[in-house]
Amino acid sequence: MCWIFGALWAAALVGIASGDAVAGASVYHDAETGFTFSQYNVLYNLQEAVTFRIAVPSPVTANQPYDTVLQVVAPIDVGWTGLSWAGQMTYSPLSVSWSNSNNVVVSSRYTTEHAAPPTYSGATYSVFKTGTHVNRTHFQYTAKCSGCTSFTSSGGTPTVLNPTGVNRLAFAYASSKPSNPSSNLSSFPVHDVYTYWSHDFSAGANAAFASLAAKNLGHS
Ligand code: HEM
Ligand SMILES: *[C@@H]1O[C@H](CO)[C@@H](O)[C@H](O)[C@H]1NC(C)=O
Ligand SMILES: *[C@@H]1O[C@H](CO)[C@@H](O)[C@H](O)[C@H]1NC(C)=O
C-alpha cells in the first residue's frame, strides 16, 4: 500500500484545487452560502478527490472553542467519507458522511481505539439546506459544527485548533456504503484509504460568520 500512497500524495501535492493558492489550502468563495472557505482536495484514488472546505469565524478569542462551517463535496461513488479534526483516527471529532438517495447523512463519531467509531454527542451538526445536495455525479453537504475544533488529547490535554493557522487533519474513505444508510447511527465498513494534510484555516476566515450561519439556517 505504501507505494500507492506515495503516488497519491505526490499527485495531491501537484494539486487540483481551484482558487487562490495559499499554503495547505486554497481560498474558495461559495456564492450559494456566502461563506469563504479554506479548501483542500484529497485524492482517494488516482483520479478522484473529496473536497473539504472549512469556514471559521473571525476574530476568534484565543484558546476558546469556536464553531466552524464544513462543506464536503464527494463523488457519488464514495461509500462514506470522514474528516478527522485532530488529524488521527482516535481522540478526535470525526465528521462522517454518505449519500442516501437524494439526501446526505452526516454522522458525528469519536473513538479511542482503531475500531468502528461510536456516535459522539461532543460535536453536533446543523446541516444547511443551502449548499447541500445530491446529483448524478456528487453529494455535497454544508453544516455548522459545534464541537469540532476542541477535544482532549489521548494524554488528557485540552486542545483547541488554531483558527488563524495550520492544523493537521486526516480523512478516511470507503467505497462501500453503511449498512443502514438512512440512519446517522448506522455502522459502516472500515476505510479503504486514509491520509493526512496540513490545512490553513486562515484562508477561510469569515467576519460575517454568525450572520451567514443564521441566514443559511433560516434564522434571519
Ligand atoms: C468501521 C469503521 C472503522 C474501522 C473498523 C477502522 C479501523 C482502523 C484501523 C484498524 C486502523 C489501523 C490501520 C493500520 O494500522 O494500518 C485505522 C487507522 C486509521 N483510521 Fe480508521 N477505522 C474506522 C473508521 C475511521 C473513520 C470514520 C476515520 C476518520 C474519519 C478513520 C481514520 C483513520 C486514520 C486517519 C487512520 C490512521 C491511523 C491514525 O491516524 O490513527 N477511521 N482505522
Ligand atoms: C443524527 O441526526 C439527529 C437529527 O438531526 C441529530 O440530533 C443527532 O445528533 C445525529 N447523530 C449523530 C450521531 O450524528
Ligand atoms: C453536482 O454537484 C457537484 C458538487 O456540488 C457540482 O460541482 C456539480 O456542478 C453538480 N452537477 C450538476 C449537473 O449540477
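The coordinates are above.
Each chain carries its own residue numbering, running from 1 in the written order of its sequence. All chains are assigned letters beginning at A, and all ligands numbers beginning at 1, according to the order in which they are written. With pLDDT at 70 or above as the cut-off, local features in this predicted model cover only qualifying residues; side-chain atom pairs require 80 or more to be listed or tallied, and sums for whole chains, interfaces and linings still use all residues. Only hydrogens and water are removed before side-chain values are computed, so all heavy atoms of the structure are retained for them.

Chemist: Summarise the overall build of the chain; cite the residues concerned and give the values.
Modeler: Secondary structure elements follow DSSP: runs of H or I no shorter than four residues count as helices, runs of E no shorter than two count as strands, and numbering proceeds from the N terminus. When helices and strands are tallied, the chain shows 2 helices and 16 strands. For the chain, the residues scored as buried account for 48% of the 220 residues in total. In this description, contact between two residues means that some pair of their heavy atoms is separated by no more than 4.5 Å. Of the contacts made within the chain by residues no fewer than 6 positions apart, 61% connect residues no fewer than 24 positions apart. Method for areas: the Shrake-Rupley scheme with a 1.4 Å probe, in which residue coverage is limited to the protein chains shown. Taken as a whole, the chain presents about 10100 Å² of accessible surface, with 55% of it coming from carbon and sulfur. Using a 1.4 Å probe on the protein chains alone, a residue whose accessible area is under 20% of its type maximum counts as buried, one over 50% counts as exposed, and one in between counts as partly exposed.

Chemist: Pulling in residues and values, what's your account of the layout of surface pockets?
Modeler: With a 1 Å grid spanning the protein atoms alone, the term cavity applies to any set of points in which a 1.4 Å probe fits but cannot get out, the term pocket to an open set with protein on both sides within 12 Å along at least five of seven lines, and the term lining residue to any residue with an atom within 4 Å of a point. Grid points are joined across faces, edges and corners, and a volume is the space filled by probe spheres set on the points. Put simply, the largest pocket is a space of about 380 Å³. If you trace the largest pocket, you find 21 residues lining it, with Trp80, Met89, Leu94, Ala172 and His191 closest to the centre. Taken together, the elements giving at least two residues each to the lining of the largest pocket come down to β6 (80-84), β7 (94-100), β14 (166-174) and β15 (193-200). Among the elements that line the lining of the largest pocket, the one with the most residues is β6, at 4 residues. Under the convention adopted here, Pro, Cys and the residues Ala, Val, Leu, Ile, Met, Phe, Trp and Tyr are nonpolar, Asp, Glu, Lys and Arg are charged, and Gly plus all remaining residues are polar. Tallied by class, the residues present in the lining of the largest pocket amount to 16 nonpolar, 5 polar and no charged.

Chemist: If you had to explain the side chain of Ser84 to someone new, which residues and values would you point to?
Modeler: Residue position: Ser84 is located in strand β6. If we ignore the near neighbours within four places in the chain, the residues touching Ser84 are Ser92, Pro93, Leu94, Leu169 and Ala170.

Chemist: Residue-level account of the site of ligand 1, with values.
Modeler: For this purpose, a residue is taken to be near a molecule or strand whenever a single non-hydrogen atom of the residue falls within 4 Å of it. As a structural note, the neighbourhood of ligand 1 is formed by 19 residues, with Met89, His114, Phe188, His191 and Tyr196 the closest of them. Each polar contact in these results corresponds to two N or O atoms within 3.5 Å; when the atoms are within protein, one needs to be able to donate a hydrogen and the other to accept it, and residues that are neighboring in sequence are counted only if both atoms are side-chain atoms. Within the side chain of His114, an N or O atom sits 2.7 Å from an oxygen atom of ligand 1. In the environment of ligand 1, an oxygen atom lies 3.5 Å from a nitrogen or oxygen atom belonging to the side chain of Tyr194. Using a 2 Å cut-off from the grid points, one finds that ligand 1 occupies the largest pocket. Counting residues per element, the ones that place at least two in the shell around ligand 1 are β6, β7, β14 and β15. With 3 residues, β6 is the largest single contributor of residues to the shell around ligand 1. Placement in a cavity or pocket follows one criterion, namely that more than half of the molecule's atoms lie within 2 Å of its grid points.

Chemist: Outline the packing of aromatic side chains, listing residues and values.
Modeler: Any two rings among Phe, Tyr and Trp, with Trp reduced to its six-membered ring, count as a pair given centres within 6.5 Å; such a pair is stacked if its planes are under 30 degrees apart, edge-to-face if over 60, and tilted if neither. Per the counting criterion, the structure on display carries 13 aromatic pairs. Between Trp80 and Phe188, the ring centres sit 4.7 Å apart and the planes meet at 50°, which makes this aromatic pair tilted. Linking Trp80 in strand β6 with Phe188 in the loop between β14 and β15, this pair joins segments that are 108 residues apart in sequence. The pair formed by Trp80 and Phe188 is uniform in burial state, with each residue classed as buried. The ring of Tyr28 carries Arg53 above its face, with NZ or CZ at 3.5 Å from the centroid. Whether a charge sits over a ring depends on NZ of Lys or CZ of Arg being within 6 Å of the ring centre and within 35 degrees of the ring normal.

Chemist: Go over the pairing of strand β11 (residues 138-146) with me, naming the residues and quoting the values.
Modeler: Among the 9 residues in β11, 7 count as buried, and that is most of the element. Judged from the 8 bridges that link them, strand β5 (residues 68-75) and β11 form a sheet pairing that is antiparallel. Counted as the bridge partner of Ala74 is Phe139 from β11. As paired elements, strand β9 (residues 124-127) and β11 share 4 bridges and run antiparallel to each other. Residue pairing in the sheet places Thr124 in a bridge with Ser146 of β11. In this scheme, strands are said to pair when DSSP sees at least two bridges between them. Pairing of strand β10 (residues 133-134) with β11 involves 2 bridges; the strand directions are antiparallel. Considered in β11, the bridge of His133 is made with Gln140. Turn length for the β10-β11 hairpin, with the two strands adjacent in sequence and antiparallel, is 3 residues.

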